[in-house]
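Coordinate analysis (summary)
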Amino acid sequence: MKRFFTAWLLLTGIGLPCFAQQDLDAALFREPPLSYGPFTRWWWPGNDVNEQELRREVRLFVEKKFGGVEIQPLTVGINPASHDLDRVYSWHTPSFYSHVRAVMEEAVKTGLTVDMNGGSGWPLGGPFVKPAESMLTMESADTVVAGGTAVNMPVPALQTDYSAITRNGNPVYNPVDLSQARLLSICAAKITGQQKGTAWLDPASVVQLQLHVRAGRLRWKAPAGGEWKIIAMYMLPNGEKPMYIGTRQTSLVTDHLNAKAVEDSYTQLFGEGTGLNRYYGKPFRAVFNDSKEFITSRHISADFITQFKKRRGYDVRPWLAANMIPNYNNAYSFGRDTVPRYAFSAEDWRLHYDYNLTISELYKENFLHASRRWMERRGLQHRTQEYGLMVDIIGASGLASIPEAEQLSAGGSDGLVKLVASGGHLYNRPVIAQESYVFSQRAGMTTPQKIKAFANKSFAAGINQLVYHGTSYKYQTGEYGVEGWNTWSTPFRNFNYASNFSESYNYWNYMGEINTFIARSQYALRAGKPRADVLVYFPFIDAGPSQFVYNPEETFVNGYFEDLEPFGGGATKKRIPDPTVIQQWFIATWPLLNKLEAAGLTWDYVNDESLLAASHASGAITVRGNKYQALVLSGVPYMPVETAEQVRRLAEKGAKVLIYGKAPAKQPGFRNYRANDAKVAAIFTAVAKGPQVRQIQAPEAAQEWCGHMNMPVRFEQPYNFIRQAQREMKDGSRLHFFWNKSTAVQHISLRIDKKFSQSYLLDAETGQITRNAGPIVQVELQPYSAVFLYATVAGNITAPLPAGRKEGRVVVQPSVWQIKAGTVQLENSRLFDWREDSVLQYSSAAADYSAVFPLSMNKRASYRLSLGAVYFTAAVWINGQYAGRRLWPPYELDVTRLLKEGENTIRVLVTPANRNFFVGQGEKGNPRYQQFRGLGKTLLPAGITGPVLISEITD
């Protein structure tokens, strides 16, 4: 019975609990356990590592408050002409697993958690995968015959050869033996035209020819008239190899639509034969699968034909040719600019939808269920990124033990991140991770200020576990710069990505403080359960990364840090000349969502599967125990009949439904589509009569609708600069995370419902908790900063009232400085941005600033030091005594106790980013930094530009 119950939980997607959910504890917020710290992806140069160094680095991670690591052995950035690569290419050997076990042993001692990448490189695969267990693709071969011709010929044969295709100089495919191809169907249709590489065919003329094939020959007479295209559709292994895999053995990507192949791969990689079984659950937490970067023409499974008919209700073979879209499932073309080889009519999009939906369902069953089944039976979790292929991203993310988003795919758009987070919420996944700080062409640009700002953006979107991308194993062979092998920024690949959080990072000494800030935030954002006010229906299963349109109010797109970095702005303002249906949906929907957020409402996306699982009672729409106040349908282009019927049932029971723009009037399936379109149109005519249904035509009209929503913590007025996340405790207490996404200091006023006895403000930077005096709470937010508001039913936290900020009178502004940075020393200097100086512009050395100033002290006053603009961290001494440090704005400290009457000295140690040194070396022609050549205009600001002020503050 137990086995049956476990299997039922897995198949329903409800799953077994991954982590205990607990209410907020003030003491743990102030001092969070190590497990709440951020993880980092730990890159190994294949297996060229040694046990002593691995153990040292584990201890170093713990010292710097990392919660865990993800081991990723790969070969990216390694010199392909290096004289000795045997150790690098010895992954998946006894030596490799001996190294992993050493890490596990040290992690047990120190409390570090360990995840492991699913193999070496990505996607999942290795030398143990046989061609019959590898990824499959659909391909076609065709010929043309004249009408009336008596055909007696071999079935058109494949000519495909992928073996020469590379990506970033890396071979993508192994040679494919075309004799392994299996004929799926053979059809003929009359040609009606040719346009832009697509053969248009008469759908009424389609003839299946399978019964006319004997011993590989086709015998058939074409009907009279015109020309006929004979199309043979095949399935065969695609030959794809895992990217940057650490072995020279022939390796293949595992067939992700074959459950047995998936489970066999995990057994090879992590089963008893590896010796890792003794560490299952502690410290070995999870297996990670990266984003699904398949390089396939068209996904297909071995049983696709029968599965399609079972699920969609019709024989797909006559219409397979409509789905022959070369490179449609190539993650690096994203299906956006691919051209169908064959087309039948303007309704082919429905055939594409049915095909993609079938692949999505098979993928979820054969990869996601199989992965979790294998792992959870062993006390492990499945952490995975479920995008990059055409799939129901919400449902696929929800089927992971730990769903993961990222800040690179789709430019880190809130659109993608929210899909992943929504999947986590709807399917009750307590931890939602994100691959973080990975930005193209921005190596050396990740500062503590950027870490904090981008973390807050992620937290507001629903993320509660950051995974740094990442940390390179300490590896120096003399072929790299002074920092050693910087995995994603080396002279041996024509790209550079941020970031490298290792000892070569200029801010490594501050990582403990940075990680504690993140750990406090992540602890709070795992307390209780997530709460969102409304569901926003997302109808698409084919949203590749290029389909996401940025919110016009979004910040930090493509890793660009506004006002601080020299390139990359304007992505949210770009016009899309020929938007797809998905892009049109985003363009229309973002203004509405921005209105909801400005009014204080939070939202999750919802997929068909979850909407079909919803119920309505007591004014709430409930999905798997999660309660929402309303459903939003924004410009929905189509909706399956069964989903439309569910919306009608919810509306009839009194569910709040907001329809923005036109209501759905068609459905996406091909079978009986005219009749089913009419059903959907009729259903929404009925939906519109629901007692709580409202239809609007402009985003501004949503403001009044928002005012009728129940908000326990209510905005006193709209705030378009705020993004928030909400959590609810078991007793009904609420935790709100408020992030100021703007570049200005902002003030918000909040009204707390009377059911709460007390409310508090929690500062994740300092761990400080302050008590609010009444139901109206005034909050000041610095640019890009955030605060937690905790409204409790039983206020029992001992905390002071907020002191409030008092403005003072400037009494000192040092104007003459001594500056020493490396070997450069400046006397009697003004403050300036180092980019203005030909000597310092390429320096990343820590700099000592010092000045002398007189002060006539008022003993009844306090004194605040403001450093103004600092790039990027500042440690301060006054009269030789340490005053403190700031890693991000505001660069202010209370220095009252350190000042004296008369002459005073100030010393500031400033640490700039690594970027400028890297660029300088590239511009000077250093071959170890050739990836930075020609980037002289991409320098970051550096130093102190001030103004430096000391203010006197009196009551």
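The numbering scheme is per chain: residues are counted from 1 as the chain's sequence reads. Totals for whole chains, interfaces and linings use all residues, but because this is a predicted model, local features are given only for residues with pLDDT of at least 70 and pairs of side-chain atoms are given and counted only at 80 or more. Working from all heavy atoms in the structure, the side-chain values ignore hydrogens and water.

Attention now goes to the overall build of the chain. What counts as a helix is a DSSP run of H or I of at least four residues, what counts as a strand is a run of E of at least two, and both are numbered from the N terminus. Scanning the chain from terminus to terminus reveals 17 helices and 54 strands. Radius of gyration here uses only the C-alpha atoms, and the compact-globule reference equals 2.2 Å multiplied by the residue count raised to the power 0.38. Relative to the globule expectation of 30 Å for 955 residues, the C-alpha radius of gyration of the chain, 30 Å, shows essentially globular dimensions. Summarising its shape, the C-alpha atoms of the chain cover approximately 110 × 75 × 55 Å along the three principal directions. Here's how the labels work: a residue is buried when its accessible area is under 20% of the maximum for its type, exposed when over 50%, partly exposed in between, all with a 1.4 Å probe on protein chains only. Relative to its full complement of 955 residues, the chain shows a buried share of 62%. Residue contacts follow a heavy-atom distance rule, with two residues in contact if any of their heavy atoms lie within 4.5 Å. Pairs at least 24 residues apart make up 80% of the contacts formed inside the chain by residues separated by at least 6 positions.

One open sheet holds the six strands; their spatial order is β26-β36-β37-β42-β39-β40, and the pairing between them is antiparallel. Bordering the open sheet on either side are β26 (529-531) and β40 (769-771), each of which pairs with just one other strand. Here the strands of the sheet are splayed against their neighbours by 25° on average, with no regard to which way each runs. With six bridges connecting them, strand β37 (residues 734-740) and strand β42 (residues 786-792) associate as antiparallel partners. The residue of β42 that forms the bridge with Phe738 is Val787. Each pair of strands is called paired provided DSSP finds at least two bridges between the two strands. Simply put, an axis is a line fit to the C-alpha atoms, just over the touching stretch for a helix, and the angle between two N-to-C directions goes from 0 to 180 degrees.

On to the environment of Ser489. Counting through the fold element by element, Ser489 comes out in the loop between β24 (465-472) and β25 (497-498). Its relative accessible area of 3% is what places Ser489 among the buried residues. For Ser489 and Thr143, which are 346 residues apart along the polypeptide, the C-alpha to C-alpha distance reads 48 Å. Ignoring any residue separated from it by four or fewer positions in sequence, one finds Ser489 in contact with Ala443, Phe495, Asn496, Tyr497, Gln931 and Phe932.

Looking now at the confidence of the model for the chain. In this model, the chain carries a mean pLDDT of 94, and residues with pLDDT of at least 70 account for 96%. Scored below 50 in pLDDT, residues 1-18 makes 25 contacts in the model with residues more than four places away or belonging to other chains. Within a predicted model, pLDDT stands for the predictor's per-residue confidence, ranging from 0 to 100.

One recurring pattern in soluble globular proteins: nonpolar side chains tend to sit buried together. Membership of the largest hydrophobic core comes to 225 residues, with the highest contact counts inside it found for Trp42, Trp44, Phe284, Phe304, Tyr605, Leu633 and Trp705. Here this core takes 12 residues from helix α7 (residues 348-376), the largest share from any one element. As used here, the term nonpolar core means buried Ala, Val, Leu, Ile, Met, Phe, Trp, Tyr and Cys residues forming a set that is joined through side-chain atoms within 4.5 Å.

So, on to the pairing of strand β41 (residues 776-781). Of the two faces of β41, only one is covered, namely that formed by Val777, Val779 and Leu781; the face formed by Ile776, Gln778 and Glu780 stays uncovered. Sheet topology note: the strand β38 (residues 746-752)/β41 ladder contains six bridges and is antiparallel. Within the sheet, the bridge partner assigned to Ser749 lies in β41 and is Gln778.

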